[in-house]
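# Commentary on secondary and tertiary structure
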Amino acid sequence: MPSRKFADGEVVRGRWPGSALYYEVEILSHDSNSQLYTVKYKDGTEFELKENDIKPLTSFRQKKSGSTSSSPSRRRGSRSRSRSRSRSRSPGRPPKSSRRSVSASHPAEVKEMRKEVLEVKLTPLVLPFGNSINRYNGEPEYRERNDMPHKNTQEKFHLSEESSYISTQYTLRPRREETKLKEIDAKEEKIVTKAPPSLRTFEVKAAQKQDLEFGGVPGAFLIMLGLPVFLFLLLLMCKQKDPSLLNFPPPLPALYELWETRVFGVYILWFFVQALFYLLPIGKVVEGTPLTDGRRLKYRLNGFYAFLLTSAIIGASLFRGVTLHYVYDHFLQLALAAIVFSVLLSVYLYVRALRAPWDELSPASSGNAIYDFFIGRELNPRIGSFDLKYFCELRPGLIGWVVINLVMLLTEMKLQDRATPSLAMILVNSFQLLYVVDALWNEEAVLTTMDITHDGFGFMLAFGDLVWVPFIYSFQAFYLLHHPNEVSWPVASLIIALKLCGYVIFRCANAQKNAFRKNPTDPKLAHLKTIHTSTGKNLLVSGWWGFVRHPNYLGDLIMALAWSLPCGFKHVLPYFYVIYFAVLLVHREARDERQCKRKYGVAWEKYCQRVPYRIFPYVY
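Residues numbered from 1 in each chain as written. Predicted model: local features only at pLDDT ≥ 70, side-chain atom pairs only at ≥ 80, totals over all residues. Heavy atoms only, no water.

Let us look at the UniProt feature "transmembrane region" (unreviewed entry) in the chain. Following the UniProt record, the feature "transmembrane region" (unreviewed entry) maps to residues 219-238, 259-279, 299-319, 331-351, 456-475 and 487-506 here. For the annotated span residues 331-351, helix accounts for 100% and strand for 0% of the residues, and the straight-line distance between the end C-alpha atoms is 31 Å. (UniProt positions renumbered as here; feature names shortened; annotations may be inferred. Helix = DSSP H or I, 4+ residues; strand = E, 2+ residues; numbered from the N terminus.)

The topology assignment puts Leu235 in helix α7 (residues 216-239). Taking relative accessible area as the criterion, Leu235 reaches 0% and is therefore assigned buried. Spatially, the C-alpha atoms of Leu235 and Phe478 are 8.3 Å apart, while their sequence positions differ by 243 residues. (Buried < 20%, exposed > 50% of the residue type's maximum accessible area, 1.4 Å probe, protein only.)

Our focus in this paragraph is helix α10 (residues 303-319). Taking 1.5 Å per residue, 17 residues should reach 24 Å; α10 reaches 24 Å between its end C-alpha atoms and fits that length. Turning to α10, its buried residues number three or more, namely Gly303, Ala306, Phe307, Thr310 and Ile314. Looking straight down α10, one finds that the buried residues subtend no more than 100° of arc, so they occupy a single side. For α10, the elements touching its buried residues are α9 (261-279), α14 (388-415) and α15 (423-441). Backbone geometry just downstream of α10 places Gly321 in the positive-phi region, at approximately 90°. (Expected span 1.5 Å × (residues − 1). Arc of directions from axis to C-beta. Contact = heavy atoms within 4.5 Å.)

Here the focus is the nonpolar core. Counting 117 residues, the largest nonpolar core has Met408, Phe471 and Tyr473 as its most contacted members. A total of 14 residues in this core trace back to one element, the largest contributor, which is α14. Among the domains, domain 2 (215-486) and domain 3 (488-619) are the pair contributing at least three residues each to this core. Beyond its immediate stretch of four places on either side in the chain, Tyr473 contacts Trp401, Gln432, Trp468, Tyr577, Tyr580 and Phe581. Formed by 11 residues, the second largest nonpolar core is a distinct cluster that contains Phe6, Leu21, Tyr23 and Tyr41. (Core = buried A, V, L, I, M, F, W, Y, C linked by side-chain atoms within 4.5 Å. Domains from an automatic or database assignment.)

The next point concerns the pairing of strand β3 (residues 36-41). Relative to β3, strand β2 (residues 22-31) runs antiparallel, the two sharing 6 bridges. What sits directly across from Val25, in β3, is Tyr41. Linkage of β2 to β3, two consecutive antiparallel strands, is achieved through a turn of 4 residues, within which Gln35 is found at a positive phi near 60°. Sheet analysis places β3 next to strand β4 (residues 46-50), joined by 5 bridges and oriented antiparallel. Opposite Lys40, over in β4, you have Glu46 as the bridge partner. From the end of β3 to the start of β4, which pair antiparallel, there are 4 residues, and Gly44 there has a positive phi angle of about 95°. (Pairing = 2+ DSSP bridges.)

Written out as structure tokens, the structure is:
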């Protein structure tokens, strides 16, 4: 096997792929199998290059020579302008110092210089597009930016090796030609910047149309129509004395019975109280993942404080004799109010996104009105510093889930005339409370999720965060209220053990991932094995992430099963959440696979060979 010529960390010149231009790069690593070097350019771009596309810096150095200028004005400041003068001089005419040194040099040197004349094929500058992606449950930290040329013209001319020694921020064009092209660049940049999102490049549109998920436009349309109906059918089935499939469909109430303006006002009040807590200047401020323009948005982490404030207000209300039975009495009305609010919010988000610059749109957006309304058009919609998507991700829905569980517990004691809640209700409330507290305590992890970095904010996330989470995730407590189930302590002990097992897998896997992401060189992580990728990132292939590709998904599913087991086995209805969650995670895992394969390429194939199991051990 041939030995490598360049060492890691060495600064050399690397050829830009698709051109004859060489730029200063740093050697990051070398693959002995493919004999490719992973190099990093000054702008942060990383590529894999062959050895013959890399040259040492010494082969590009200019020879020193004195100035031949006799004009005082030209001699003035010659030290500061010498580089720009040599760069801007016509490539076909060598510098004066070069002409003089050539005439006086050895003929062999002249012959060698003529031999090394390079034909340079200039390619235009490129515009970045794309954004970071990642998910709370172990997805990649960010997506590489895709560079797309915005000009079709190319120019060829001959350039001696001496004048090819340039910095990355300069071009090799003649001065007049360079000035004209700069004017064209400025005009094109102005046109691209002011162009509406619908005029984005054909390459981006084609890629996005091929990547439409959830069944594309028809699937998105059916999901938006079907989810609200399905939600009400589940809740109505649960309220029946016998919620078996034989009694489907349940009796449907009249629409006027489901809508109350006062209940809608209560929901609006809940939403804006949580928004007020979000604006409180408490909690640390952190930066999110890089955007397409390199910016990092700032986020205040005070979700756990909002939960404590909400708990204090509810506790004080109960102490003063305020009953929460109103929430149970108007549960269906509250669900309809949340649906209406999520739809109105989605309409607002879509309308405002029509005026958003194209570089602020979601990578998942397609240009189709129906699909973009569903998936979300704008990536980070903000009103001032108030981030709408980030706020809805954890606050109203997740904290509302805990409040609804508490309401069901208190209502069970009242309706069933109990001095204490049932053991099954206590288990469900405790398990899900731990899950919510864990999410709020580790709030920073949500900033690297696919929801924040890839998907836009549209109906999918608005409905999911504000409706689906509080009214479906609390389904076990709602079921136990209408269909009590007595659980013995031995059975409860087994369920608790299962819950703790799932939580340990979930939390340890996420903790290991987050620690490695923050500081891969941490001595505590030195025992972990990794696979290096062309993006500069490493993929974990040991520890929890060497067990299966998504150990946190495995922990999540185990916990979901533990939430449903206290409901018993009389009906399949309380296990709907486990079935739904399994389908959700399998679909999300498939999305992760596609994106990671595009991002990491060969390295991801090696990773899949090392870690063949996706979510479940011994299940490919």
